[in-house]
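Chain and residue survey
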Amino acid sequence: MDYKVRVKVNHVNFFYGRVQSLFDIKCDIYDKMVTSIIGPSGCGKSTLLRLINRMNDLIPHTRIEGQILLDGKDIYNPKVDVVEVRQKVGMVFQKPNPFPKSIFDNVAYGLVVNGLTNRSYLSGKVEKSLKDAALWNEVKDRLGKSALTLSGGQQQRLCIARTLAIEPEVILMDEPASALDPTATLKIEELIQKLKEKYTIVIVTHNMQQAARISDYTAFFMLGKLIEYDLTAKIFRNPSKTITEDYVTGRFG
C-alpha cells in the first residue's frame, strides 16, 4: 500500500559549529501516521525533530546540509517563510510549558499573535482545540483560571491544545510523557492515537514500550546515524540489524 509522504528527509547532515551531529539521514514520514524516533541519549533524535520545524535556527553556529521537504517543498529554501513552517509544523516539548495566563488565553495565544481577535471565533477555536486534546470536560468551567493550576498531565494536554489551535499539519512531540505519571502518560498515548486521524505525528521517546504501543513506523538512531527505519512491528519483532535488536530488547542503551 502506498502512503502519502508528508515529510521527506533527504541526505541531511547537521553541524553544531564544527561538530557533526547528524550523518546523511534519509527517511520518509507518512501522512496521518505516528512515527517514533528511538535511540540512546545524545544520538540525534531531538536534533532531527527540531530540524523539521526549524527550531535549530535559534541556535548560533549551526548548519544543515541536504533537504527537508514538507509536502514536496524544501523548508530550508531561503525564500521559505519560517513562521509559515512553524504554523504547519507544531511542537510539543518534554516538559509542559504553559504560559502564566488563563487556560483560555493559553489556547488562543497563537491565534491572537496572528491577529485574530474576534471573541466568538476564538471561543469556538478554544473549545474545539480543548476537545480535540481531550481536556475540555476537565476545564470548561474554569477557562479564566491560571493554566498553572492544572496538573502536569493536564498542562501537557493544554500545550497540545495550544498547538492544535493553529491547525498544523504535522505535530512534533519531544518525549511528551516523560515528565508524567503512568495515568497521565496513558491519556497522552490515547490522545496521540486519536490525533493521528487528522495529523501526521513524529514523537521522540526513550520508552521502548511506548514506541511499540503507539507508533506505526519507528526510526532507530545511534551516534547521529539512522541505523534502521521500518514498520514498528518489524523493528520490534524482526529487525534487520543486530544492533537494533540489541537496543530494543534492552541488551544495551
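Residues numbered from 1 in each chain as written. Predicted model: local features only at pLDDT ≥ 70, side-chain atom pairs only at ≥ 80, totals over all residues. Heavy atoms only, no water.

**Looking at the overall build of the protein**
Heads up, the rule is: Only DSSP runs of H or I covering at least 4 residues are called helices, and only runs of E covering at least 2 are called strands; the numbering of each starts at the N terminus. Exposed residues in this analysis have more than 50% of their type's maximum accessible area, buried residues have under 20%, and partly exposed residues fall in between, with area computed by a 1.4 Å probe over protein chains only. By the convention used here, residues are in contact when the closest approach between their heavy atoms is within 4.5 Å. Note on areas: Shrake-Rupley, 1.4 Å probe, and residue coverage restricted to the protein chains presented here. Within this scheme the basic residues Lys and Arg register as positive and the acidic residues Asp and Glu register as negative, but His and the chain ends are omitted. Charge placement uses NZ in Lys and CZ in Arg. For Asp and Glu, CG and CD serve respectively.
Each helix and strand counted, the protein has ten helices and ten strands in total. Viewed in the frame of its principal axes, the protein has a C-alpha envelope of about 55 × 45 × 35 Å. Considering the protein as a whole, with its 253 residues, one finds that 50% of them fall into the buried category. Long-range pairs, those at least 24 residues apart, make up 68% of the contacts in the protein between residues at least 6 apart in sequence. Carbon and sulfur atoms provide 51% of the accessible area of the protein, an area that totals close to 12200 Å². Side chains of the protein give 35 positive and 28 negative charges; the mean places of these two sets differ by 3 Å.

**Thoughts on the sheet that holds strand β3 (residues 34–38)**
This is how the line gets drawn: A pair of strands counts as paired when DSSP detects no fewer than two bridges linking them. The angle between two axes is taken between their N-to-C directions and runs from 0 to 180 degrees, where each axis is a line fitted to C-alpha atoms and a helix contributes only its stretch in contact.
With respect to topology, six strands assemble into an open sheet ordered β6-β7-β8-β3-β9-β10, the strand pairing being mixed. Two strands lie at the open edges of the sheet, namely β6 (89–92) and β10 (225–231), each paired on one side alone. On average, adjacent strands in this sheet sit at an angle of 15° to one another, irrespective of strand direction. In terms of strand pairing, strand β9 (residues 217–222) meets β10 through six bridges, oriented antiparallel.

**Considering the pairing of strand β7 (residues 170–174)**
Walk down a regular strand and you will see the side chains alternate between the two sheet faces. So the rule is basically this: A right-handed crossover is one whose linking path, passing over the helix from the first strand to the second, runs clockwise when the strands point away from the viewer.
Across the five residues of β7, five count as buried, placing the element largely inside the fold. Across the two faces of β7 the burial is the same, with Val170, Leu172 and Asp174 and Ile171 and Met173 all buried. Bridge count for β6 against β7 is four bridges, and the pairing is parallel. When the bridges of β7 are listed, Met91 appears paired with Leu172. With helix α7 (residues 182–195) bridging β7 and the parallel strand β8 (residues 200–204), this β-α-β connection has right-handed handedness.

**Looking at the packing of helix α3 (residues 103–113) against helix α6 (residues 152–165)**
Going by this rule: Relative orientations are named as follows: roughly parallel for angles under 35 degrees, roughly antiparallel for angles over 145 degrees, roughly perpendicular for angles from 65 to 115 degrees, and oblique for any other angle. Note on convention: near helix rotated counterclockwise from far helix by under a right angle means a left-handed crossing. Clockwise means right-handed. The residue classification treats Ala, Val, Leu, Ile, Met, Phe, Trp, Tyr, Cys and Pro as nonpolar and Asp, Glu, Lys and Arg as charged. All others, Gly included, are polar.
Between α3 and α6, the shortest axis-to-axis distance is 7 Å and the interhelical angle comes to 30°. Considered as vectors, α3 and α6 are oriented roughly parallel to each other. Two packed elements cross with a definite hand, and for α3 against α6 that hand is right-handed. Touching Ile103, Asn106, Val107 and Leu111 of α3 are Leu158, Ala161, Arg162 and Ala165, all from α6. Residues that form the contact of α3 with α6 fall into these classes: six nonpolar, one polar and one charged.

**Side note on unusual backbone geometry**
For Ala134, which is not a glycine, the phi torsion comes out positive at approximately 55°. Mapped onto the elements, Ala134 comes out in the loop between α4 (119–132) and α5 (136–139). In this structure, Glu175 takes a positive phi of about 50° despite not being glycine. Within the secondary structure layout, Glu175 lies in the loop between β7 and α7. Residue Glu175 is classed as buried on the basis of its relative accessible area of 12%.

**Quick look at the packing of aromatic side chains**
In plain terms, the rule: Aromatic contacts are taken between Phe, Tyr and Trp rings whose centres are within 6.5 Å, Trp giving its six-membered ring; a plane angle under 30 degrees counts as stacked, one over 60 as edge-to-face, and the others as tilted. Ring-over charges, as used throughout, are those where CZ of Arg or NZ of Lys falls within 6 Å of the ring centre and within 35 degrees of the ring normal.
Counted by the stated rule, this structure contains six aromatic pairs. A centroid spacing of 4.6 Å and a plane angle of 55° characterise the contact between Phe99 and Tyr109, whose relative ring orientation is tilted. Taken together, the residues Phe99 in the loop between β6 and α3 and Tyr109 in helix α3 connect sequence positions ten residues apart. Note on Tyr109: relative accessible area 36%, which makes it partly exposed. Above the face of the Phe15 ring, Arg63 is positioned so that its terminal group lies 4.1 Å from the ring centre. The ring centre of Phe99 lies 4.1 Å from the NZ or CZ of Arg162, which sits over that ring.

**Comments concerning the pairing of β8**
Summarising burial for β8: five of the five residues are buried, a large majority. Neither face of β8 is open: one carries Thr200, Val202 and Val204, the other Ile201 and Ile203, and all of them are buried. Relative to β8, β3 runs parallel, the two sharing four bridges. By the bridge assignment, Ile37 is partnered in β8 with Val204.

**A few points about α6**
Note the cut-off: What a helix should span is 1.5 Å times the count of its residues minus one.
Taking 1.5 Å per residue as the helical rise, α6 with its 14 residues ought to reach 20 Å, and the 20 Å between its terminal C-alpha atoms agrees with that figure. In terms of burial, α6 is largely enclosed, as 13 of its 14 residues are buried. Immediately downstream of α6, the backbone of Glu167 shows phi near 55°, a positive value.

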